[in-house]
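The lines below spell out each chain.
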Protein chains: 2
Amino acid sequence: MTASGFGDWSRRRLAEVEAALDEWVPADAPAGLGLAMRYGVLDGGKRLRPLLVLAACEAVDGRAGAALRAAVAVELIHAYSLVHDDMPCMDNDVLRRGKPTVHVEFGQAQAMLAGDAMQALAFEVLTPADGVEPALQARLCGLLARAAGHAGMAGGQAIDLASIGRPLSEDALRDMHRRKTGALLQASVLMGAACGRTTTASWQALSDYGAAVGLAFQVVDDILDVTQPSETLGKTAGKDVQGNKPTYVSVLGLERARDYALTLRDEARQALRRGGLDGAVRLEVLADKVVERES
Amino acid sequence: MTASGFGDWSRRRLAEVEAALDEWVPADAPAGLGLAMRYGVLDGGKRLRPLLVLAACEAVDGRAGAALRAAVAVELIHAYSLVHDDMPCMDNDVLRRGKPTVHVEFGQAQAMLAGDAMQALAFEVLTPADGVEPALQARLCGLLARAAGHAGMAGGQAIDLASIGRPLSEDALRDMHRRKTGALLQASVLMGAACGRTTTASWQALSDYGAAVGLAFQVVDDILDVTQPSETLGKTAGKDVQGNKPTYVSVLGLERARDYALTLRDEARQALRRGGLDGAVRLEVLADKVVERES
């Protein structure tokens, strides 16, 4: 696939995701809640998770309508986690996606409620009255809930909080990142895959691909935090060092962290081949983008 | 049904709910997160919502296993909302169910994460690998998500926040309470009903019953806030007046608020009769308990 071929595909898919978010995140929720929700999720972000959902769905000839709902649901969970994570009692950040964070703009109480409502909305989006068969709705809800909850994202955040100022072994760091960031990225791939037909082998391959890409994403995040300025990142740079948080850069050093990201990219590619998914070029390009990104 | 007949039934059902919560809310979630979650949901609360789920399920001869999952899921949503609601940026309360609130005990960041993880866990509990047919799983997820989200509980909380110090009309107050407390209580009844077979008429009747009981609950809550001491409530009394919040007592006065609670109880009973659910004695007793409770 040429770079422009991927670019055209991703632009079309992203336009669909933006339109769906715009339609499904309500402006008219009471007392400004909808405005805070929309502020937290519209017009920003790389939308990597939705693209992983849609590319995985296409790799297994899945149902596009269900995958679009899954893509929006995953992005809602990701966006809510950022809204809560930025709050003063957590990372206390004032800049996100190049804008003031939700609590800066709407106040802490509204930010907490907006995040809570975004999580609920993710499961609303996955359970429409028609258009997606109920068994698939249930499967998507289950995959998303497990990735978002105590064993996944929320659990990873708890480890993150408890690790401030404490050295972590490489294994413990990997465990934290697999949960905190990796679980939802892996779930994105699996939710896309659930929209189509998979064999045990191709499901496992997509699971391995998702795990490798998920971890690579966080390794690169750790690298960008020390190598890029805030303007490029759209969020405050240098937060990890400032917050005294263990990262792949603090544990491995910058060069070994870079090498590790490339190794994970290769693992992701190999997983696709193992699963007979050599034709899943968009997933391959997405793995490249995760490692090569500069913001 | 005799009072002791209901008492025996509710004790048995509550024991099942407590055992299920104890089993499904993990102690071993990372970095103390599981302990905060368990602290927030175990050993406390009246468990009115689970009882409504289970009584509604029995009224329509529904599947007990699915209803138990629904009961636990609804209680997890309720408990997470209390954890977040008690935080300093919201109601800033230090006492709940007779104990220090979760953020007092575990810190604000862990309290926020525990609430987030409890919401996700509710949807995990509704989507087991087996034991509940997938179409019912999807239906339960959809009912719960809509009741918890922007159009329901979270939306009601946003109105609540925006109403501090402002007079509300009776209609606006009713709208706020229907969302903030009523939506989840009504969903409890409907999730129980979804576990069995209903006609259009009996579904509508249970929906009306749930709406009336849900609103009655909040009217009584407003009354108890001014008539009972903190020790009886297990939470700080007088918070509404202190927080300058519109309530049924401030809008209607104490006597008319009491009358309104009784009117809603009668509406709930009539709804059951309209739906041909005269035999649903446990639902009838639960409506009585909601109005007669003293804490």
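**Q** Residues and numbers for the overall build of chain A, please.
**A** For chain A, the helix and strand inventory stands at 15 helices and two strands. Taking 2.2 N^0.38 as the reference for a compact globule, 295 residues should give roughly 19 Å; the C-alpha atoms of chain A span a radius of gyration of 18 Å, in line with that estimate. For the C-alpha atoms alone, the extent of chain A along its principal axes is close to 50 × 45 × 35 Å. The buried share among the 295 residues of chain A stands at 61%. Partitioning the intrachain contacts of chain A with sequence separation of at least 6 by distance along the chain shows that 74% fall at a separation of at least 24. Approximately 10,900 Å² of chain A is accessible, and the part contributed by carbon and sulfur atoms is 49%.

**Q** So what's going on with the nonpolar core? Which residues, and what values?
**A** One finds Leu76(A), Leu144(A), Tyr209(A), Leu76(B), Leu144(B) and Tyr209(B) to be the most contacted residues of the largest nonpolar core, which totals 221 residues. Not counting residues within four places of it along the chain, the set of residues in contact with Leu144(A) comprises Ala73(A), Val74(A), Ile77(A), Ala122(A), Phe123(A), Leu126(A), Leu184(A) and Met191(A).

**Q** With reference to specific residues and values, describe helix H15 (residues 281-292) of chain B.
**A** Taking 1.5 Å of rise per residue, twelve residues should cover 16 Å, and H15(B) covers 16 Å from first to last C-alpha, within 8% of that figure. All of the buried residues in H15(B) are Leu283(B), Val285(B), Leu286(B), Ala287(B), Asp288(B), Val290(B) and Val291(B).

**Q** Any details on the pattern of salt bridges? Residues and values, ideally.
**A** All names here are of chain A. Here the structure, examined in full by the defined rule, presents 50 salt bridges over all chains. Taking the shortest distance from any N to any O, the salt bridge between Glu 58 and Arg 282 comes out at 2.7 Å. With Glu 58 in helix H3 (residues 48-59) and Arg 282 in helix H15 (residues 281-292), this residue pair connects regions lying 224 residues apart in the sequence. For Lys 245, the salt bridge is made with Asp 91, and the minimal N-O distance between the two is 3.0 Å. One end of the pair, Lys 245, is in the loop between helix H12 (239-242) and helix H13 (248-252); the other, Asp 91, is in the loop between helix H4 (64-85) and strand E1 (95-96), with 154 residues separating them in the sequence. Judged by its relative accessible area of 24%, Asp 91 is partly exposed. The network of salt bridges with common partners includes Arg 265, Asp 266, Arg 269, Asp 288 and Glu 292.

**Q** Can you lay out the environment of Thr200(B) for me, pointing to particular residues and giving the numbers?
**A** Residue and element names in this part refer to chain B. Here Thr 200 lies in helix H10 (residues 200-227). The exposed category is assigned to Thr 200, whose relative accessible area is 72%. In this structure the C-alpha to C-alpha distance between Thr 200 and Gln 157, which are 43 residues apart in sequence, comes to 31 Å.

**Q** Can you explain the confidence of the model for chain A? Please cite residues and give values.
**A** Confidence along chain A averages 94 in pLDDT terms, with 99% of residues attaining 70 or more. The ipTM, which scores confidence in the relative placement of chains, is 0.96 for this predicted complex, and the corresponding pTM is 0.97.

**Q** With reference to specific residues and values, describe the relation of the copies chain A and chain B.
**A** Structural alignment of chain A on chain B gives an RMSD of 0.0 Å, achieved by rotating through 180 degrees and translating 0.0 Å along the axis. Both chain copies can therefore be described as sitting about a two-fold axis. Residue Ala138(A), judged by its C-alpha, is the member of chain A lying nearest the rotation axis, at 2.3 Å. Both copies contact each other with a shared surface, as 100% of the interface residues of chain A are interface residues in chain B too.

**Q** Just give me the short version of the environment of Ala31(B), but keep the residues and values in it.
**A** Residue and element names in this part refer to chain B. On the secondary structure map, Ala 31 appears in the loop between helix H1 (3-24) and helix H2 (33-41). Taking relative accessible area as the criterion, Ala 31 reaches 36% and is therefore assigned partly exposed. Sequence separation of Ala 31 and Gln 110 is 79 residues, and the distance between their C-alpha atoms is 9.4 Å.

**Q** Mind laying out the interface of chain A and chain B, listing which residues take part and the relevant values?
**A** Counting residues at the interface gives 44 residues for chain A, matched by 44 residues for chain B. Three residues, Met112(A), Glu124(A) and His150(A), lead the burial of chain A against chain B; their summed loss comes to 18% of the area buried on that side. Counting across the interface, chain A meets chain B through nine residue pairs in polar contact (both at pLDDT 80 or more). Of all the secondary structure elements, the ones that give two or more residues to the side of chain A that touches chain B are helix H2 (33-41), H4, helix H6 (108-125), helix H7 (134-148) and helix H8 (153-162) of chain A. With twelve residues, the single largest contributor to the side of chain A that touches chain B is H6(A). For the side of chain A that touches chain B, a count of residues per class yields 29 nonpolar, eleven polar and four charged.

**Q** Break down the packing of H4(A) against H7(A) for me, with residues and values.
**A** All names here are of chain A. Running from N to C, H4 and H7 cross one another at 20 degrees; their axes reach a closest spacing of 11 Å. With respect to their mutual orientation, H4 and H7 come out roughly parallel. With respect to the hand of their crossing, H4 and H7 are arranged in right-handed fashion. Residue-level contacts link Ala 66, Ala 70, Ala 73, Val 74 and Ile 77 of H4 to Leu 136, Leu 140, Leu 144 and Ala 148 of H7. Within the contact of H4 with H7, the residues separate by chemical class into nine nonpolar, no polar and no charged.

**Q** Go over the side chain of Arg96(B), please, and point to the residues and values.
**A** Residue and element names in this part refer to chain B. Its place among the elements puts Arg 96 in strand E1 (residues 95-96). Using a relative accessible area of 17% as the deciding quantity, one classes Arg 96 as buried. If near-sequence neighbours (up to four positions away) are discounted, Arg 96 is found in contact with Leu 82, Asp 86, Thr 101, Gly 234 and Lys 235.

**Q** A description of the packing of aromatic side chains should follow, citing residues and the corresponding values.
**A** All told, the structure shown has seven aromatic pairs over all chains when counted by the stated rule. Between Tyr39(B) and Phe106(B) the ring centres are 5.3 Å apart and the planes differ by 70 degrees, which places this aromatic pair in the edge-to-face class. Residue Tyr39(B) is located in helix H2, and its partner Phe106(B) is located in helix H5 (residues 102-106); the two are separated by 67 residues in the primary sequence. The class of Phe106(B) is partly exposed, set by a relative accessible area of 28%. Seen from the ring of Phe217(A), Arg49(A) lies directly overhead, with NZ or CZ sitting 5.3 Å from the centre. Note that Arg293(B) overlies the ring of Phe217(B), its terminal NZ or CZ placed 3.9 Å from the centroid.

**Q** Which residues make up the state of the cysteines, and what are the values?
**A** Residues and elements named next belong to chain A. Overall, the coordinates contain zero disulfides over all chains when judged by the stated rule. In this model Cys 57 remains outside any disulfide bridge; the closest cysteine sulfur is found in Cys 195, 4.9 Å from its own. For Cys 57, a relative accessible area of 3% corresponds to the buried category.

How each quantity is defined
Residues numbered from 1 in each chain as written. Chains lettered and ligands numbered in written order. Predicted model: local features only at pLDDT ≥ 70, side-chain atom pairs only at ≥ 80, totals over all residues. Heavy atoms only, no water. Helix = DSSP H or I, 4+ residues; strand = E, 2+ residues; numbered from the N terminus. Rg over C-alpha atoms; globule rule 2.2 N^0.38 Å. Buried < 20%, exposed > 50% of the residue type's maximum accessible area, 1.4 Å probe, protein only. Contact = heavy atoms within 4.5 Å. Areas by Shrake-Rupley, 256 points an atom, 1.4 Å probe, with all protein chains shown as cover. Core = buried A, V, L, I, M, F, W, Y, C linked by side-chain atoms within 4.5 Å. Expected span 1.5 Å × (residues − 1). Salt bridge = Lys/Arg side-chain N within 4 Å of Asp/Glu carboxyl O. pLDDT = per-residue confidence, 0-100. Least-squares fit on C-alpha atoms with pLDDT ≥ 70 in both. Buried area = accessible area lost by both parts, 1.4 Å probe. Polar contact = N/O pair within 3.5 Å; in protein donor to acceptor, adjacent residues only side chain to side chain. Nonpolar A, V, L, I, M, F, W, Y, C, P; charged D, E, K, R; others polar. Axes fitted to C-alpha atoms, helices over the stretch in contact; angles between N-to-C directions. Parallel < 35°, antiparallel > 145°, perpendicular 65-115°, else oblique. Left-handed = near helix turned anticlockwise from the far one by under 90°. Phe/Tyr/Trp six-rings, centres within 6.5 Å; stacked < 30°, edge-to-face > 60°. Lys NZ or Arg CZ within 6 Å of the ring centre and 35° of its normal. Disulfide = S-S within 2.5 Å.

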